[in-house]
Amino acid sequence: VQLVESGGGLVQPGGSLRLSCAASGFTFSRYIMSWYRQAPGKERELVAAITSAGGLTNYADSVKGRFTISRDNAKNTVSLQMNGLKTEDTAVYYCRLRFNGVDYWGKGTLVTVSS
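In this report, we go over the structure that sits alongside the text. Note that the coordinates shown come from a computational prediction; the quantities given were computed from them, not determined experimentally.

Description of the packing of aromatic side chains
So, step 1. A full pass over the atoms with the stated rule returns 7 aromatic pairs.
So, step 2. Measuring from ring centre to ring centre gives 5.2 Å for Y31 and F99, while their planes differ by 80°; the resulting arrangement is edge-to-face. Note that Y31 is positioned in the loop between β3 (17-24) and β4 (33-38) and F99 in strand β9 (residues 91-99), a separation of 68 residues in sequence.
So, step 3. Look at Y36 and W105: their rings are 5.0 Å apart centre to centre, the planes differ by 80°, and that puts the pair in the edge-to-face class. Residue Y36 is located in strand β4, and its partner W105 is located in strand β10 (residues 102-105); the two are separated by 69 residues in the primary sequence.
So, step 4. Pairwise contacts between aromatic rings join F26, F28, Y31, F99 and Y104 into one cluster.
So, step 5. Here R44 stacks its cationic end above the ring of Y94, 3.7 Å away from the centre of that ring.
So, step 6. Of note, R44 hangs over the ring of W105, and the distance from its end group to the ring centre comes to 4.5 Å.

Rendered as structure tokens:
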């Protein structure tokens, strides 16, 4: 299993970023995929999740209405569109798969929201 995140960077408050996670090594279309984040000094937290076919999504209250998770099962990718970014969204963002009872994580991509 390999998960590779991309798309992070520095953005001003109110700006937007789109994160992507490229997955390989498993049958992507069969599994729920999630985005997590970890801010400095804080525990890792769930940001958003999407079911295998993309029909259902779930979001942390702190990002509802601003972030959108989506997936492309033909390309084995899951994305996170982040709009209206706030300084408190600054964190390393991780793609996560739970596969056969084991959690797999990418290395993460850093998102910094600052003026």
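Back to the write-up after that little detour.
A word on unusual backbone geometry
So, step 1. Unusually for a residue other than glycine, N76 sits at a positive phi of about 55°.
So, step 2. For N76, a relative accessible area of 24% translates into the label partly exposed.
So, step 3. With a phi close to 50°, N100 is a non-glycine residue in the positive phi region.
So, step 4. Positionally, N100 belongs in the loop between β9 and β10.

Regarding the sheet that holds strand β7 (residues 67-72)
So, step 1. If you trace the 4 strands from one edge of the open sheet to the other, you get β1-β3-β8-β7, paired in antiparallel fashion. With partners counted over all chains shown, the strands left at the sheet margins are β1 (2-6) and β7, one partner each. Taken pair by pair, the neighbouring strands of this sheet meet at an average axis angle of 15°, ignoring direction.
So, step 2. Pairing analysis gives 6 bridges linking β7 to strand β8 (residues 77-82), with the strands arranged antiparallel. Its bridge partner lying in β8, I69 is registered against L80.

About the cut-offs
- Residues numbered from 1 in each chain as written.
- Predicted model: local features only at pLDDT ≥ 70, side-chain atom pairs only at ≥ 80, totals over all residues.
- Heavy atoms only, no water.
- Phe/Tyr/Trp six-rings, centres within 6.5 Å; stacked < 30°, edge-to-face > 60°.
- Helix = DSSP H or I, 4+ residues; strand = E, 2+ residues; numbered from the N terminus.
- Lys NZ or Arg CZ within 6 Å of the ring centre and 35° of its normal.
- Buried < 20%, exposed > 50% of the residue type's maximum accessible area, 1.4 Å probe, protein only.
- Pairing = 2+ DSSP bridges.
- Axes fitted to C-alpha atoms, helices over the stretch in contact; angles between N-to-C directions.

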